[in-house]
Amino acid sequence: MSPEQVNSNPPLVVGIAPGQHVEVLQTAVSLAARLGTRLLCAYVDEASFLVDWDPARPAHRLSLHPDTDDANIGAVALELKSAIEAAVAGVPPGTAAAEWTLQTLAGDPARALARLAAENDAPMIIVGTSERGFSHRLAEALSGSVGAWLTHHQSRPVLIVPYRMPAHDDRP
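Below is a summary of the structure that appears in this document. (Residues numbered from 1 in each chain as written. Predicted model: local features only at pLDDT ≥ 70, side-chain atom pairs only at ≥ 80, totals over all residues. Heavy atoms only, no water.)

## Comments concerning the overall build of the chain
Item 1. The number of helices and strands found in the chain is seven helices and five strands.
Item 2. Across the chain, helices and strands are ordered from the amino to the carboxyl terminus as α-β-α-β-α-α-β-α-β-α-α-β.
Item 3. Counting across all 172 residues of the chain, residues that qualify as buried make up 37%.
Item 4. Residue pairs in contact within the chain that sit at least 24 positions apart in sequence constitute 78% of those at least 6 positions apart.
Item 5. Roughly 9,700 Å² of accessible area belongs to the chain as shown, and the carbon and sulfur atoms make up 57% of that amount. (Helix = DSSP H or I, 4+ residues; strand = E, 2+ residues; numbered from the N terminus. Buried < 20%, exposed > 50% of the residue type's maximum accessible area, 1.4 Å probe, protein only. Contact = heavy atoms within 4.5 Å. Areas by Shrake-Rupley, 256 points an atom, 1.4 Å probe, with all protein chains shown as cover.)

Shown next, in the form of structure tokens:
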């Protein structure tokens, strides 16, 4: 597939976060390379929130896409870019590495990913499962599962990448 064709295909959207298990990015990069499309990596800053729902007002765009000049977001973005580059570098020889971009979003992670996928006409959204352990289960119980919300509230296919740590290595 030529670079022009890759650039014209809608991207796969992948939700990423600092400290996320590597299988999510590895799977997304591999799938994008196999499909000959690019990857739109999205980090959702849950500490930010949507301040305006009126698309006619300039604050709307800023509330959906936080300022990446913010020191905290900038540090997170650098960490995530390194993780993405490591995943891209792990593509087997002879396979064209997928092009990628990183975008930061604000608000509820599931809704932000669904909105981004709709804006870019993405054919699929890729997310990971939560890690094992009580604290992760408690957080999921309180805020809900991103993957579960996506599979029930929007029309695009969702690939949920499992955390592949063997059960006997489970951490509390």
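## What about helix α2 (residues 23-35)?
Item 1. End to end, α2 covers 18 Å across 13 residues, agreeing with the expected 18 Å (1.5 Å per residue, within 8%).
Item 2. What α2 keeps buried is the set Glu23, Val24, Leu25, Ala28, Val29, Ala32 and Ala33.
Item 3. One or two residues past the end of α2 sits Gly36, with phi positive at roughly 70°. (Expected span 1.5 Å × (residues − 1).)

## Focus on the nonpolar core
Item 1. In this structure, Val14, Ile16, Leu39 and Cys41 are the most contacted members of the largest nonpolar core, which totals 21 residues.
Item 2. Broken down by secondary-structure element, the contributors of at least two residues to this core are β1 (12-15), α2, β2 (39-45) and α4 (71-89).
Item 3. Apart from the residues within four sequence positions on either side, Ile16 is in contact with Leu25, Cys41, Ala42, Tyr43, Leu80, Ile84 and Leu102. (Core = buried A, V, L, I, M, F, W, Y, C linked by side-chain atoms within 4.5 Å.)

## Some details on the pairing of β1
Item 1. Burial of β1 is two-sided: the residues Leu12 and Val14 facing one way and the residues Val13 and Gly15 facing the other way are all buried.
Item 2. When β1 meets β2, the two strands line up parallel, connected through four bridges. Following the sheet pairing, Gly15 is matched in β2 by Ala42.
Item 3. Each parallel crossover has a hand, and the one from β1 via α2 to β2 is right-handed.
Item 4. Examined bridge by bridge, β1 and strand β4 (residues 125-128) share two bridges and lie parallel to one another. In the sheet register, Val13 faces β4, and the bridge partner there is Ile125. (Pairing = 2+ DSSP bridges. Right-handed = clockwise from strand over helix to strand, strands pointing away.)

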